[in-house]
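Geometric and topological summary
Here are the chains, one letter per residue:
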Amino acid sequence: MKILLTGAAGFIGFHTAQVLLARGDEVIGFDNFSPYYDPTLKEARAKILAKEKKFTMIRGDILDRPALAKAMKGVDRVVHLAALAGVRYSFEHPEEYIDINIKGFFHVLDEVRVQKIAGLIYASSSSVYGGNDKLPASEEDRVDNQLSLYGQNKKDNETMAHTYHHLYGIPVTGHRFFTVYGPYGRPDMALFMFTDAILKGRPIQVFGEGKMQRDFTYIDDIVAGLVASIDKNYPEEIFNLGCGRKEELMDFIAMIEECCGTKGKKEFLPMQPGDVRASLADISKAKKMLGFEPKTPIRLGVPKFVTWYREYYNI
Ligand SMILES: NC(=O)c1ccc[n+]([C@@H]2O[C@H](COP(=O)([O-])OP(=O)(O)OC[C@H]3O[C@@H](n4cnc5c(N)ncnc54)[C@H](O)[C@@H]3O)[C@@H](O)[C@H]2O)c1
């Protein structure tokens, strides 16, 4: 297949591109190398992808509709991962979130309609579950209690995709990712920040006084789910993609400390606005319809991240 992959220089996009290329697909990456976090990491990912014959990177913005339209010509699928992806950053930059995550999403969706692309596979987030107390979170639960503009953006993306499917019959599949981690991971996420601070002897900030639980999902498992979805190309679905395990934050930190070979100083802080106390995915639907089987619990995934981190930053 020929696949347009937005956000290809990003964490999940980079890994997705590698798997698609390895199986022989042609991938057109589309990314604006946004400065939301250190773009040198994005450049490093892009450099690795550039070695592949069937990969092209277009440096473009999804807000630039003509550029997006040009990149989409003749593709079999659009995989849309480009977004502003941080929860906390959305408090300080609400307008950028509306521009990129809502208007940008609309551009992708509407261009898929205009060019009659055979399928749109896109990223949603576990943030759509927001303040719901019920665990594990299921795709059948009501999701109308988002706690951040980011969560609201993702919920709106799902609604927009649903409406476009209803009106124009476009195949659309959304994926609610649960706390994704792994090599080349995002510097604004907990595993990266904790590892970095522990290895450099800085204190780590532990929110929610450490009493939080997360469904941490290893990148390779996420990509396996996404690729299955590209192939299935269901008419209209939403899938939870998580590991399906609820880990205590303090156990997660202990594992990082073990991998780093040293204990971190901890600064316990209250919950942040927009944070949820616990997340856990019900993955039965993805198991049944995508053959999704997460293989990497944190005891296997965290060491892979720390090994990558030490090598990459030479620490
Ligand atoms: N990593 C997670 O835990 C997680 C969890 C839930 C949902 N998601 C979603 O998955 C997707 C990928 O996330 P990620 O972790 O790889 O984030 P990322 O920030 O590493 O990747 C997103 C990429 O999109 C690009 N981008 C941003 N604005 C753009 C624009 N206007 N035009 C073109 N490109 C633009 C960025 O430069 C970046 O490379 C996002 O939609 C995110 O919201 C991620």
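Cut-offs used in this document
Residues numbered from 1 in each chain as written. Predicted model: local features only at pLDDT ≥ 70, side-chain atom pairs only at ≥ 80, totals over all residues. Heavy atoms only, no water. Helix = DSSP H or I, 4+ residues; strand = E, 2+ residues; numbered from the N terminus. Expected span 1.5 Å × (residues − 1). Buried < 20%, exposed > 50% of the residue type's maximum accessible area, 1.4 Å probe, protein only. Contact = heavy atoms within 4.5 Å. Near = heavy atom within 4 Å. Polar contact = N/O pair within 3.5 Å; in protein donor to acceptor, adjacent residues only side chain to side chain. Areas by Shrake-Rupley, 256 points an atom, 1.4 Å probe, with all protein chains shown as cover. Core = buried A, V, L, I, M, F, W, Y, C linked by side-chain atoms within 4.5 Å. Axes fitted to C-alpha atoms, helices over the stretch in contact; angles between N-to-C directions. Parallel < 35°, antiparallel > 145°, perpendicular 65-115°, else oblique. Left-handed = near helix turned anticlockwise from the far one by under 90°. Nonpolar A, V, L, I, M, F, W, Y, C, P; charged D, E, K, R; others polar. Salt bridge = Lys/Arg side-chain N within 4 Å of Asp/Glu carboxyl O.

1. Examining helix 6 (residues 149-168)
- Spanning 20 residues, helix 6 covers 28 Å between terminal C-alpha atoms, matching the ideal 28 Å at 1.5 Å per step.
- Residues Tyr 150, Gly 151, Asn 153, Lys 154, Asn 157, Glu 158, Met 160, Ala 161, Tyr 164 and His 165 constitute the buried set of helix 6.
- Tucked inside the fold, the buried residues of helix 6 contact helix 4 (89-92), helix 5 (94-114), strand 5 (120-125), strand 6 (172-177) and strand 11 (236-241).
- Just beyond helix 6, the residue with positive phi is Gly 169, at close to 70°.

2. A few points about the site of the ligand
- In the vicinity of the ligand lie 29 residues, with Ile 12, Asp 31, Tyr 37, Tyr 150 and Val 180 positioned nearest.
- At a separation of 3.1 Å, an oxygen atom of the ligand approaches a polar backbone atom of Gly 10.
- In the environment of the ligand, a nitrogen atom lies 2.9 Å from a nitrogen or oxygen atom belonging to the side chain of Asp 61.
- Look at the ligand: alone it shows 820 Å² of surface, and the protein chains cover 98% of it.
- Contributing elements (two or more residues each) for the shell around the ligand: helix 1 (11-22), strand 5 and helix 6.
- For the shell around the ligand, the leading source of residues is strand 5, giving three residues.

3. Side note on the nonpolar core
- Counting 93 residues, the largest nonpolar core has Leu 4, Ile 12, Val 78, Phe 177 and Ile 256 as its most contacted members.
- With seven residues, the single largest contributor to this core is helix 8 (residues 219-232).
- The contact partners of Phe 177, leaving out residues within four places of it in the chain, are Ile 12, Leu 81, Ala 123, Ser 124, Ser 125, Ser 126, Ile 222, Leu 226 and Leu 241.

4. A look at the packing of helix 1 against helix 8
- The geometry of helix 1 relative to helix 8 is characterised by a closest axis approach of 10 Å and an angle of 60° between their N-to-C directions. By the angle between their axes, helix 1 is oblique relative to helix 8. Handedness of the crossing formed by helix 1 with helix 8: right-handed. Residue-level inspection shows Phe 11, Ile 12, His 15, Thr 16, Val 19 and Leu 20 of helix 1 in contact with helix 8, the latter providing Ile 219, Ile 222, Val 223, Leu 226, Val 227 and Ile 230.
- Counted by class, the contact of helix 1 with helix 8 contains ten nonpolar, two polar and no charged residues.

5. Section: the pattern of salt bridges
- Tallying each qualifying case throughout the model produces 16 salt bridges.
- In this structure, Arg 186 and Asp 188 form a salt bridge, with 2.9 Å as the shortest nitrogen-oxygen distance.
- The salt bridge partner of Arg 202 is Asp 196, with a shortest N-O separation of 2.5 Å.
- Of the residues examined, Arg 202 reaches a relative accessible area of 40% and is grouped as partly exposed.
- Residues joined in a network through salt bridges with shared partners are Arg 65, Asp 110, Glu 111 and Arg 113.

6. A word on the packing of helix 3 (residues 65-72) against helix 5
- The N-to-C vectors of helix 3 and helix 5 enclose an angle of 45°; their axes lie 10 Å apart at closest approach. By the angle between their axes, helix 3 is oblique relative to helix 5. Helix-helix and strand crossings are classified by hand; for helix 3 and helix 5 the assignment is right-handed. Contacts from Arg 65, Leu 68, Ala 69 and Met 72 in helix 3 reach Phe 106, His 107, Val 108, Asp 110, Glu 111, Val 112 and Val 114 in helix 5.
- Its residues assigned to classes, the contact of helix 3 with helix 5 comprises seven nonpolar, one polar and three charged.

All quantities given are derived from atomic positions and should not be read as evidence of function.
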